[in-house]
Amino acid sequence: MVAEVVGVLVKIFVLMAPFFVLSVFAGVTDGMPLRARKNLALRTTAAILILSLALYFIGDKIFWGLGITLDAFRVGAGLVLLLSGLEMVRGAVGGIRAGGEQSGGPDNDPAVVPLATPTAVGPGTIGALLVMGVGSQGEPKRILLELAGIVLAIALIGLMLYYANAIETLLKRRGLAVLSKLTGLFLVALAVQLIAAGIRGLWLGL
């Protein structure tokens, strides 16, 4: 039971690219007072949690409405995650670079855009949450274990954002950039596994 929760925690934590999120957070909050940064960290964590839970629970409705099979979505989500991981290795995801520059409008709340989405809850994370939600339908125990892992992963990211000043002082901007690229490599590996599982399921279903 504990192993399953830890497995989901690690998967979601890596998918949300915490060091990349931290790097973008540092850029967005550059020059902001410490109290304002901490308030933004709390709002960002809440936004990530709400988005993630919504995606997890409405995934089956989306699949049913569009007539998409789980294996087909695994392949599609894996391809998107692969591209996201490769872009992260290159230093850019969703129009946001590691320095915190964003392509959104000036009226956007940074807690939602770009921090919650697309930085933390990007295409790869969305795909994984939808797949997990659909795959656990009708299994209350599995749902509880996955929710525990998701909430813990988001809580860890929230703690990183809340103590971003200390982490940034320790790692420096260059260190965050390096860790972000390493996270991208892990995302690529997860994407390959997701695509392989989808292709195997489609092949067996023929």
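Rules and cut-offs
- Residues numbered from 1 in each chain as written.
- Predicted model: local features only at pLDDT ≥ 70, side-chain atom pairs only at ≥ 80, totals over all residues.
- Heavy atoms only, no water.
- Helix = DSSP H or I, 4+ residues; strand = E, 2+ residues; numbered from the N terminus.
- Phe/Tyr/Trp six-rings, centres within 6.5 Å; stacked < 30°, edge-to-face > 60°.
- Buried < 20%, exposed > 50% of the residue type's maximum accessible area, 1.4 Å probe, protein only.
- Lys NZ or Arg CZ within 6 Å of the ring centre and 35° of its normal.
- Patch = residues over 30% accessible without salt bridge, like charges linked within 9 Å, V, L, I, M, F, W, Y side chains within 5 Å.
- Areas by Shrake-Rupley, 256 points an atom, 1.4 Å probe, with all protein chains shown as cover.
- Salt bridge = Lys/Arg side-chain N within 4 Å of Asp/Glu carboxyl O.
- pLDDT = per-residue confidence, 0-100.
- Core = buried A, V, L, I, M, F, W, Y, C linked by side-chain atoms within 4.5 Å.
- Contact = heavy atoms within 4.5 Å.

Participant: Outline unusual backbone geometry, listing residues and values.
Facilitator: Phi angles above zero are rare outside glycine, and Ala17 is one such case at about 50 degrees. Locating Ala17 in the fold gives a position in the loop between helix H1 (2–15) and helix H2 (18–28).

Participant: An account of the packing of aromatic side chains is needed here, citing residue identities and associated values.
Facilitator: Overall, the coordinates contain two aromatic pairs when judged by the stated rule. The interplanar angle of 90 degrees and the centroid separation of 5.2 Å between the aromatic rings of Tyr56 and Phe57 together place this pair among those described as edge-to-face. Owing to a relative accessible area of 1%, Tyr56 belongs among the buried residues under this scheme. Aromatic side chains Tyr162 and Tyr163 sit 5.2 Å apart centroid to centroid with 80 degrees between the ring planes, which places their arrangement in the edge-to-face category. Among the residues examined, Tyr162 registers a relative accessible area of 30% and is labelled partly exposed. In this structure, Lys38 packs its charged tip against the face of Tyr162, placed 4.1 Å from the ring centre.

Participant: Help me get a handle on a nonpolar patch on the surface, residues and values and all.
Facilitator: Taken together, Phe57, Ile58, Ile62, Leu66 and Ile68 make up a surface patch of nonpolar side chains, about 420 Å² in accessible area. Among the secondary structure elements, Phe57 is positioned in helix H3 (residues 34–66).

Participant: Which residues make up the confidence of the model for the protein, and what values do they have?
Facilitator: Overall, the predicted model of the protein reaches an average pLDDT of 85, with 92% of residues at or above 70. When mean pLDDT is compared element by element in the protein, helix H7 (residues 140–162) scores highest at 97, while strand E2 (residues 96–97) scores lowest at 47.

Participant: Please set out the nonpolar core residue by residue, giving values where relevant.
Facilitator: If you look at the biggest cluster of nonpolar residues, it comprises 50 residues, and the most contacted ones within it are Ile12, Met16, Leu22, Phe25, Ile48, Ile150 and Leu161. Counting only elements with at least two residues in this core, the list comes to H1, H2, H3, helix H4 (70–90), helix H5 (111–120), helix H6 (123–135), H7 and helix H8 (164–204). If one sorts the elements of this core by residue count, H7 sits on top with eight residues. When residues no more than four places from it in sequence are discounted, the contact partners of Ile48 are Met16, Ala116, Ala120, Val121, Ile154 and Ile157.

Participant: Just give me the short version of the environment of Ala189, but keep the residues and values in it.
Facilitator: Tracing the chain through its elements places Ala189 in helix H8. Put simply, Ala189 and Ile12 are 177 residues apart on the chain and 14 Å apart in space, counted from C-alpha to C-alpha.

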